[in-house]
Amino acid sequence: MFAKILVGLDGSAAAQHALEQALDMAQLTHGVVTVLSVEEKLPAYAATVGEMEDEQAFKGEYFRKIHDQARRLAAAKGVPLQTQTVSGHAADQLVRTAREGGHTLLVIGHTGHSRLHNLFLGSTADRVVEHAPCPVLVTRQQAGGSS
Amino acid sequence: MPGRGANRVDNIWLVAAAWMGLALAASLVSIQLGISVALIEILVGVLAGNFLGLHSTGWVDFLATFGSGLLTFLAGAEIDPEALRRHKRPALAIGAVSCLLPFAGAFAFAFWAAHWELHAALIAGVALSTTSVAVVYAVMVETGLNRTELGKLILAACFVTDFGTVLLLGILFARFDAWMLLFLAITVLVLWNLPQLLRLVIARLGHRVSEPEIKFLFLVLFGLGGLAKLAQSEAVLPAYLVGLAVAGVFLRDRVLMDRMRTIAFSLLTPFYFLKAGLYVSLPAVASGAGLIAALLLVKMVAKGVGVWPVAGAFGLARRDNAYTTLLMSTGLTFGTISALFGLDNHIINQAQYTILVTTVIGSAVVPTLIAQRYFTPTVPSVDGAPAGEYRLPKRRATDR
């Protein structure tokens, strides 16, 4: 159980905490962790293809750095780790990747948007929980730092 | 002797600071909202023109014109020659009808239904004939479709449509005399030799601090643009052709592409897009709302009538076809360039310009939203496996 764990990583503290939880879980289950980063907020209605390419390159470089950190962390815990970067909406891509990759657990961090934001847009966590094809673990950092 | 108020208006540094401040604000909003900086700059220009009384000046006009030329050049240089070659037949067919039918439809509607003058109606046709490669590319990146053969076909067809628009703008208002012959002869000569010349300049002098290769390209753009103006054509035509000619060089030299983009987006295109928004009159938007909606509908229907059957004939599945048709209905950069050309040359008035630019902005947003909401093709997401299949045309023995 939980042999293929998918975790969303966007560079936030909440996502980093989710990654640590996923790695701990994988240590127990001898599982494999896949880190998925989603390039959100690419410029809509762009004027040139270059605008998109430059923004993608900027985000790609950012995700390369946090994936390197994730690999180091996974290596220290002895957990096999794969990384993927895709474009689109975070919730959609997490659900789609979980479904197509046959993942058995999806781990995401709770970032805590404002009530107004959640009222109109809903949180990524809400949408993932509603549509995911597998169990979802939503981690929340407590004030002291643990979940 | 001018008063202090006049001094402030004439103070080139203060005027530049005002424009750059607006451009910076647009960048910040764009990053925050995830919407193209070009679109935000147009909207900021609209607000500045209507509420802050911002005006253009001679040097702003030059920077804006240079910006639109460089945008056009980059649009040509961003083409993937290999994808265009591979999808030549369907791309030419879809791209041509995608340009000509909306041109005819918008022209006819503006001329007979809205009773615009002939040349103003032609500008309407050109401005609404466009397809925004960039808008299409942005949507396809979000869905992963840009990695599929269908995506590459759509992009190639968009380039063909853009070329048609630029060609229409370049020839419809031109004077066919000795200047035109000279312009055509020199353009053909330059384009024929440009890729080799640029490679030579890069190999011998490239990537120095004085940037000779960029100055060489600017020299070509200014020279051909000047000749185009002498023939009463439009400088964007040679700019697009120069971009197409050097696309292969740019594909291999990403440093050169990055530097050209930096120059364009930091200094030049903000002036162009802000100026494009500056002349949009909000009262004219309100009074012309019905005409704006009608022209948008005409553009989308004409694109549909043209693209749907042709794309279907090349084997696109129904859902992919609807998606393709809607994305081909988008437009932004060349639509605003065409409208501003009409305004700058007194072919259309400010009210007509307002209607056209607002319709163009609507065409960037409305078809995209419908396509994404109802017709996004199912694409395997992660590893780029092809989806949205269509029948590749069989290669003939004569195809190279």
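About the thresholds
Residues numbered from 1 in each chain as written. Chains lettered and ligands numbered in written order. Predicted model: local features only at pLDDT ≥ 70, side-chain atom pairs only at ≥ 80, totals over all residues. Heavy atoms only, no water. Helix = DSSP H or I, 4+ residues; strand = E, 2+ residues; numbered from the N terminus. Buried < 20%, exposed > 50% of the residue type's maximum accessible area, 1.4 Å probe, protein only. Contact = heavy atoms within 4.5 Å. Areas by Shrake-Rupley, 256 points an atom, 1.4 Å probe, with all protein chains shown as cover. Core = buried A, V, L, I, M, F, W, Y, C linked by side-chain atoms within 4.5 Å. Buried area = accessible area lost by both parts, 1.4 Å probe. Salt bridge = Lys/Arg side-chain N within 4 Å of Asp/Glu carboxyl O. Polar contact = N/O pair within 3.5 Å; in protein donor to acceptor, adjacent residues only side chain to side chain. Nonpolar A, V, L, I, M, F, W, Y, C, P; charged D, E, K, R; others polar. Axes fitted to C-alpha atoms, helices over the stretch in contact; angles between N-to-C directions. Parallel < 35°, antiparallel > 145°, perpendicular 65-115°, else oblique. Left-handed = near helix turned anticlockwise from the far one by under 90°. Pairing = 2+ DSSP bridges. Phe/Tyr/Trp six-rings, centres within 6.5 Å; stacked < 30°, edge-to-face > 60°. Lys NZ or Arg CZ within 6 Å of the ring centre and 35° of its normal. pLDDT = per-residue confidence, 0-100.

S.K.: Sorry if this is basic, but what is going on with the overall build of chain B here?
M.R.: Across its full length, chain B carries 18 helices and zero strands. Taken over the C-alpha atoms alone, chain B extends approximately 75 × 55 × 50 Å along its principal axes. In chain B, buried positions account for 56% of the 400 residues. Taking the intrachain contacts of chain B between residues at least 6 apart in sequence as the baseline, contacts between residues at least 24 apart amount to 82%. Total accessible area computed for chain B in this model is approximately 17000 Å², and 68% of it derives from carbon and sulfur atoms.

S.K.: Just checking my understanding: could you explain the environment of Asp177 of chain B for this structure?
M.R.: All names here are of chain B. Structurally, Asp177 is set in the loop between helix H9 (149–172) and helix H10 (178–205). With relative accessibility at 24%, the residue Asp177 sits in the partly exposed group. Sequence separation of Asp177 and Ala231 is 54 residues, and the distance between their C-alpha atoms is 7.4 Å.

S.K.: Would you mind going over unusual backbone geometry with me for this structure?
M.R.: Excluding glycine, a negative phi dihedral is what most residues carry, and trans is how most peptide bonds are arranged. Residue and element names in this part refer to chain A. The residue His30 is not glycine, and still its phi comes out positive at about 55°. With respect to the helices and strands, His30 occurs in the loop between helix H1 (13–29) and strand E2 (32–39). Assessed through its relative accessible area of 73%, His30 is described here as exposed.

S.K.: Just checking my understanding: could you explain helix H7 (residues 118–127) of chain B for this structure?
M.R.: Every α-helix winds through 3.6 residues per turn, so residues three or four apart in the chain are directed the same way. Residue and element names in this part refer to chain B. Across the 10 residues that make up H7, a large majority, eight, are buried. Every buried residue of H7 is accounted for by Ala120, Ala121, Leu122, Ile123, Ala124, Gly125, Val126 and Ala127. Where H7 is buried, its residues meet helix H6 (88–113), H9, helix H17 (333–344) and helix H18 (350–374).

S.K.: Explain the nonpolar core to me, please; I cannot follow it from the model alone.
M.R.: Buried together is how nonpolar side chains tend to be arranged in soluble globular proteins. Counting residues in hydrophobic clusters, the biggest one holds 137 residues, and the most contacted among them are Phe73, Leu198, Phe250, Met260, Tyr353 and Leu356 of chain B. Beyond its immediate sequence surroundings of up to four residues, Phe250 of chain B is in contact with Phe73, Ala77, Leu198, Leu217, Leu256, Met257 and Met260 of chain B. Membership of the second largest hydrophobic core comes to 20 residues, among which are Ile5, Leu9, Ala18 and Phe63 of chain A.

S.K.: I keep staring at the interface of chain A and chain B and nothing clicks. Help me out?
M.R.: Frequently, the measure chosen for interface size is the accessible area removed from exposure when the parts meet. In this complex, chain A contributes 24 residues to the contact, which on the side of chain B involves 34 residues. Contact between chain A and chain B buries roughly 2400 Å² in total, counting both sides, with carbon and sulfur atoms accounting for 57%. Applying the counting rule to chain A against chain B returns three salt bridges. Arg254 of chain B is the salt-bridge partner of Glu53 of chain A, the closest N and O atoms lying 3.3 Å from each other. Taken together, chain A and chain B are joined by five residue pairs in polar contact (both at pLDDT 80 or more). For the side of chain A that touches chain B, the element with the most residues is helix H2 (residues 49–77) of chain A, which contributes seven residues. Residue classes in the side of chain A that touches chain B are distributed as nine nonpolar, nine polar and six charged.

S.K.: Can you help me understand the packing of helix H3 (residues 37–52) of chain B against helix H13 (residues 254–278) of chain B in this one?
M.R.: Residue and element names in this part refer to chain B. Axis separation between H3 and H13 bottoms out at 6 Å; the angle between their running directions is 50°. In this view, H3 runs oblique relative to H13, as classed from their interaxial angle. Note on packing geometry: the crossing formed by H3 with H13 is right-handed. Of the residues in H13, those in contact with Ala38, Glu41, Ile42, Val44, Gly45, Val46, Ala48 and Gly49 of H3 are Thr269, Pro270, Phe273, Leu274, Gly277 and Leu278. In the contact of H3 with H13, the residues fall into nine nonpolar, four polar and one charged.

S.K.: Where do I start with the sheet that holds strand E3 (residues 81–87) of chain A in this structure?
M.R.: Sheets are built from strands that pair by backbone hydrogen bonding, the pairs being arranged parallel or antiparallel. Residue and element names in this part refer to chain A. Strand order in the open sheet formed by five strands is E3-E2-E1-E4-E5, and the pairing between neighbours is parallel. Two strands lie at the open edges of the sheet, namely E3 and strand E5 (136–139), each paired on one side alone. Neighbour to neighbour, the strand axes of the sheet diverge by 20° on average, direction disregarded. Judged from the five bridges that link them, strand E1 (residues 4–8) and E2 form a sheet pairing that is parallel. The residue of E2 that forms the bridge with Leu6 is Thr34. Along the sheet, H1 makes contact with E1, E2, E3, strand E4 (105–109) and E5, crossing E1 at roughly 170°. Strands in contact with helix H5 (residues 124–131) are E4 and E5; relative to E5, the strand with the most contacts, it is inclined by about 165°.

S.K.: I keep staring at the packing of aromatic side chains and nothing clicks. Help me out?
M.R.: Aromatic ring pairs: the centre-centre distance and the angle between the two ring planes describe each pair. Residues and elements named next belong to chain B. Scanning the entire structure with this criterion turns up 16 aromatic pairs over all chains. These aromatic residues form a ring-pair network of at least three members: Phe62, Phe66, Phe218 and Phe222. In this arrangement the basic side chain of Arg373 is found over the ring face of Tyr374, its NZ or CZ atom lying 5.1 Å from the centre.

S.K.: So what exactly am I meant to see when it comes to the packing of H7 of chain B against H9 of chain B here?
M.R.: Residue and element names in this part refer to chain B. Running from N to C, H7 and H9 point in directions that differ by 160°, and their axes come no closer than 9 Å. Our classification of the angle between H7 and H9 gives roughly antiparallel. Our pair here, H7 against H9, has a crossing hand that is left-handed. Seen from H7, the contacting residues are Leu122, Ile123 and Val126; seen from H9, they are Thr165, Leu168, Leu169 and Leu172. Class assignment of the residues belonging to the contact of H7 with H9 gives a composition of six nonpolar, one polar and no charged.

S.K.: Sorry if this is basic, but what is going on with the pattern of salt bridges here?
M.R.: When the charged atoms of two side chains with opposite charge come close together, those side chains can pair. Under the criterion given, the structure shown has 16 salt bridges over all chains. Here Lys77 of chain A and Asp24 of chain A are joined by a salt bridge, their closest N and O atoms 2.9 Å apart. Linking Lys77 of chain A in helix H2 with Asp24 of chain A in helix H1, this pair joins segments that are 53 residues apart in sequence. Glu82 of chain B is the partner of Arg85 of chain B in a salt bridge, and the nearest nitrogen-oxygen pair spans 3.0 Å.

S.K.: For this particular structure, what's the right way to read the confidence of the model for chain B?
M.R.: Regions with low pLDDT should not have their predicted coordinates read in detail. Residues and elements named next belong to chain B. Chain-level pLDDT for chain B is 88 on average; 92% of the residues reach the 70-or-more range. Element-level pLDDT for chain B is lowest in helix H1 (residues 4–10), with a mean of 61, against a maximum mean of 97 in H7. Segment residues 380–400: pLDDT under 50, and 46 contacts once partners within four positions in sequence are set aside and those in other chains are kept. Here the complex is predicted with pTM 0.82, and the ipTM for its interfaces comes to 0.71.

S.K.: Would you mind going over H3 of chain B with me for this structure?
M.R.: Every buried residue of H3 of chain B is accounted for by Val37, Ala38, Leu39, Ile40, Glu41, Ile42, Val44, Gly45, Val46 and Ala48 of chain B. Looking at the buried positions of H3 of chain B, the neighbouring elements they touch are H2 of chain A together with helix H2 (12–33), H13, helix H14 (282–287), H17 and H18 of chain B. The N-cap of H3 of chain B, judged by a side-chain oxygen 3.1 Å from the amide nitrogen of Ala38 of chain B a few residues on, is Ser36 of chain B. Gly53 of chain B sits one or two positions beyond H3 of chain B and adopts a positive phi of about 70°.

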